[in-house]
Amino acid sequence: MKDEELERLYDAHASGLFRYFAAIVKCEADARDLLQELFIKLAREKAVLAECEKAWIYRMGHNLAVDWLRRRKTRADYELRSADEVGAMFSLTEDPDAKVLASQLEQALASLPEDQRTVTELKLWQGMTFEEIAETQRIPANTAASRYRYALDKLRSLLRPLYQELKQET
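The text that follows walks through the structure, step by step, so that each part is easy to find. (Residues numbered from 1 in each chain as written. Predicted model: local features only at pLDDT ≥ 70, side-chain atom pairs only at ≥ 80, totals over all residues. Heavy atoms only, no water.)

## Some details on the overall build of the protein chain
How we decide: Only DSSP runs of H or I with at least four residues qualify as helices, and only runs of E with at least two residues qualify as strands; both kinds are numbered from the N terminus onward. In this description, contact between two residues means that some pair of their heavy atoms is separated by no more than 4.5 Å. Computed with the Shrake-Rupley method and a 1.4 Å probe, the accessible areas treat only the protein chains shown as cover for residues.
When helices and strands are counted, the protein chain shows seven helices and zero strands. Long-range pairs, those at least 24 residues apart, make up 57% of the contacts in the protein chain with a sequence separation of at least 6. When the accessible surface of the protein chain is summed, it comes to about 11,300 Å², and 52% of that surface belongs to carbon and sulfur atoms.

## Observations regarding the environment of Asp-3
Looking at where Asp-3 falls in the secondary structure, it is placed in helix H1 (residues 3-25). Between the C-alpha atoms of Asp-3 and Ala-43, which are 40 residues apart in sequence, the distance is 7.7 Å.

## Section: the packing of H1 against helix H2 (residues 28-44)
Note the threshold: Axis geometry follows a simple rule: fit a line to the C-alpha atoms, using only the stretch in contact for helices, then measure angles between N-to-C directions, giving values from 0 to 180 degrees. Helix crossings are classified by the rotation of the near helix relative to the far one: an anticlockwise turn of less than a right angle makes the crossing left-handed, while a clockwise turn makes it right-handed. Here the term charged refers only to Asp, Glu, Lys and Arg, the term nonpolar to Ala, Val, Leu, Ile, Met, Phe, Trp, Tyr, Cys and Pro, and the term polar to all other amino acids, Gly among them.
Relative orientation of the contacting elements H1 and H2 amounts to 145 degrees, with a least axis distance of 9 Å. The way H1 lies across H2 gives a crossing that is right-handed. Between H1, through Leu-6, Leu-9, Tyr-10, Ala-14, Leu-17, Phe-18, Phe-21, Ala-22 and Val-25, and H2, the contact on the second element is made entirely by Glu-28, Asp-30, Ala-31, Arg-32, Leu-34, Leu-35, Leu-38, Phe-39, Leu-42 and Ala-43. Residue composition of the contact of H1 with H2, grouped by class: 16 nonpolar, no polar and three charged.

## Focus: a negative patch on the surface
Rules: Put simply, a patch holds well-exposed residues, over 30% relative accessible area, that have no salt bridge, with like charges counted together within 9 Å and Val, Leu, Ile, Met, Phe, Trp or Tyr side chains within 5 Å. By convention in these notes, a salt bridge is any Lys or Arg side-chain nitrogen within 4 Å of a carboxyl oxygen on Asp or Glu. The sign given to each residue is positive for Lys and Arg and negative for Asp and Glu; His and the chain ends receive no count. Throughout, a charge is located at the NZ atom of Lys, the CZ atom of Arg, the CG atom of Asp or the CD atom of Glu. The buried label goes to any residue with under 20% of its type's maximum accessible area, the exposed label to any with over 50%, and the partly exposed label to all in between, with areas taken from a 1.4 Å probe on protein chains only.
A cluster of acidic side chains, namely Asp-3, Glu-4, Glu-7 and Asp-11, defines a negative patch on the protein surface. The exposure class of Asp-3 is exposed, given its relative accessible area of 61%.

So yeah, pure geometry; function would need other evidence.
Take a look at the structure:
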């Protein structure tokens, strides 16, 4: 699409689309992201607009917002399931030290920033490579690797006192 046409579409529809997105996603920042994503998609379009321009652009926006909502729900479901699996994974034993370790590990994982926690869970529990994680999360592989490294550093510092305590007992 030509720059002039894209600019005209933005001027004509951006404010209405922004309000539409904000009503759907209930978050101004996410609405701005969706608006930006829509106009990037439009910039890449080679096809000419449909007869009813407004309906066409709002249909594209609607589809984009629905996809966003699905991704968000899928991500939230995954995080809830992962938290339950982590808890179950570390509570299978009757060893009191293992229960303490499991509890501390759960708390340490929960304290990580979301982006670091998800990369760590994908790497450790799903066995994904950094390239797979990068593709899944739409980030560069180096970013996935650095988030993982930062997460491990934080986990080490949070769990080191417990490790040393358990080591002294044996």
